[in-house]
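Chain and residue survey
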Amino acid sequence: MTSEAILTVEAYFEALGARDMERILSRFAPDATWTIPGDPALTPWAGHRTGPKDIEQSLTAFFAAVDPLVFELQTMVEADGRVLVPGRYASRFRPSGQVLESEMILRFTVADGLITDYRVFEDSLGITRTCLGEPLTTAPA
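Presented here is a report on the structure given in the accompanying data block. Worth saying up front: this structure is predicted, and the values here are computed from it rather than measured. (Residues numbered from 1 in each chain as written. Predicted model: local features only at pLDDT ≥ 70, side-chain atom pairs only at ≥ 80, totals over all residues. Heavy atoms only, no water.)

Okay, the overall build of the chain next. The helix and strand tally for the chain stands at four helices and seven strands. In sequence order, the secondary structure elements of the chain are arranged as α-α-β-β-α-β-β-β-β-β-α. In summary, the chain has a C-alpha radius of gyration of 15 Å against a globular reference of 14 Å for 141 residues, a match within 12%. Taking the principal axes of the C-alpha coordinates as reference, the chain spans close to 45 × 30 × 25 Å. Across the 141 residues in the chain, those meeting the buried criterion constitute 43%. For the chain, restricting intrachain contacts to residue pairs at least 6 apart in sequence, the fraction spanning at least 24 positions comes to 49%. Accessible surface, the chain: about 7,500 Å² in total, of which carbon and sulfur atoms supply 54%. Within the chain, one finds 12 positive and 20 negative side-chain charges whose respective centroids are separated by 5 Å. (Helix = DSSP H or I, 4+ residues; strand = E, 2+ residues; numbered from the N terminus. Rg over C-alpha atoms; globule rule 2.2 N^0.38 Å. Buried < 20%, exposed > 50% of the residue type's maximum accessible area, 1.4 Å probe, protein only. Contact = heavy atoms within 4.5 Å. Areas by Shrake-Rupley, 256 points an atom, 1.4 Å probe, with all protein chains shown as cover. Lys, Arg positive; Asp, Glu negative; His and termini not counted. Charge placed at Lys NZ, Arg CZ, Asp CG, Glu CD.)

Below you can see the structure in the form of structure tokens.
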């Protein structure tokens, strides 16, 4: 049987895939935290945010700058309301036009059917370099 936490995360991914901001934000608690590594001055969707308004700003910047090419999730694992989601992606970054392929792990904390904390673990330096059109110094994952 699938846990409530995993069902909540699956609903988030469904809304994210449709880029349906209202449905995305409805999955978050009013005081939810949202953390994406990186310097917001270089990648505007990065940084630590709190609450739906800040999360919306991050997502709006992300949607404006990134064209997803591949987004594959592996098996979600849940323990005590924490859901870990490993996966991989390939994205084209505007305005550089460069593509980055990378692995990631997403961590969600869910309580009472709402996401209370979201954290991304990914190649933030690779993202910044690709976004800015700089060459990558390492081979893609």
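What follows covers the pattern of salt bridges. With the rule as written, the count across this model stands at seven salt bridges. Note that R107 is salt-bridged to D117, the shortest N-O span being 3.4 Å. With R107 in strand 6 (residues 99-111) and D117 in strand 7 (residues 114-121), the pair connects residues that are ten residues apart, well separated along the chain. Of the two residues, R107 and D117, both sit in the buried class. One network of salt bridges, in which partners are shared, links E14, D20 and R23. (Salt bridge = Lys/Arg side-chain N within 4 Å of Asp/Glu carboxyl O.)

The next subject is the side chain of T33. Within the fold, T33 resides in strand 1 (residues 28-36). With a relative accessible area of 19%, T33 lands in the buried category. Non-local contacts of T33, meaning those with residues more than four positions away in its chain, are made with H48, R49, T50, T116, D117 and Y118.

Moving on to helix 1 (residues 4-18). Between its terminal C-alpha atoms helix 1 stretches 21 Å, which fits the 21 Å expected from 15 residues at 1.5 Å a residue. For helix 1, the complete set of buried residues consists of A5, I6, T8, V9, A11, Y12, F13, A15 and L16. Once helix 1 ends, the next one or two residues include R19, with phi positive near 55°. (Expected span 1.5 Å × (residues − 1).)

What follows is about helix 3 (residues 51-65). The terminal C-alpha atoms of helix 3, which comprises 15 residues, lie 22 Å apart, in line with the 21 Å expected from a rise of 1.5 Å per residue. For helix 3, the full list of buried residues reads G51, I55, S58, L59, A61, F63 and A65. Buried positions along helix 3 lie against helix 1, helix 2 (21-25), strand 1, strand 2 (47-50), strand 3 (66-73) and strand 5 (82-93).

The subject of this paragraph is the pairing of strand 5. As defined by bridge partners, strand 3 adjoins strand 5 across seven bridges and the pair is classed as antiparallel. Across the sheet, the residue bridging to F71 is Y89, located in strand 5. Bridging between strand 4 (residues 77-79) and strand 5 involves three bridges; their strand directions are antiparallel. Paired with A79 across the strands is R82, a residue of strand 5. Counted between consecutive antiparallel strands, the loop separating strand 4 from strand 5 contains two residues, among which D80 sits at a positive phi close to 55°. What sits between strand 5 and strand 6 in their antiparallel hairpin is a turn of five residues, with G97 showing a positive phi close to 80°. (Pairing = 2+ DSSP bridges.)

From the geometry alone we can't say anything about function, so treat these as descriptive.
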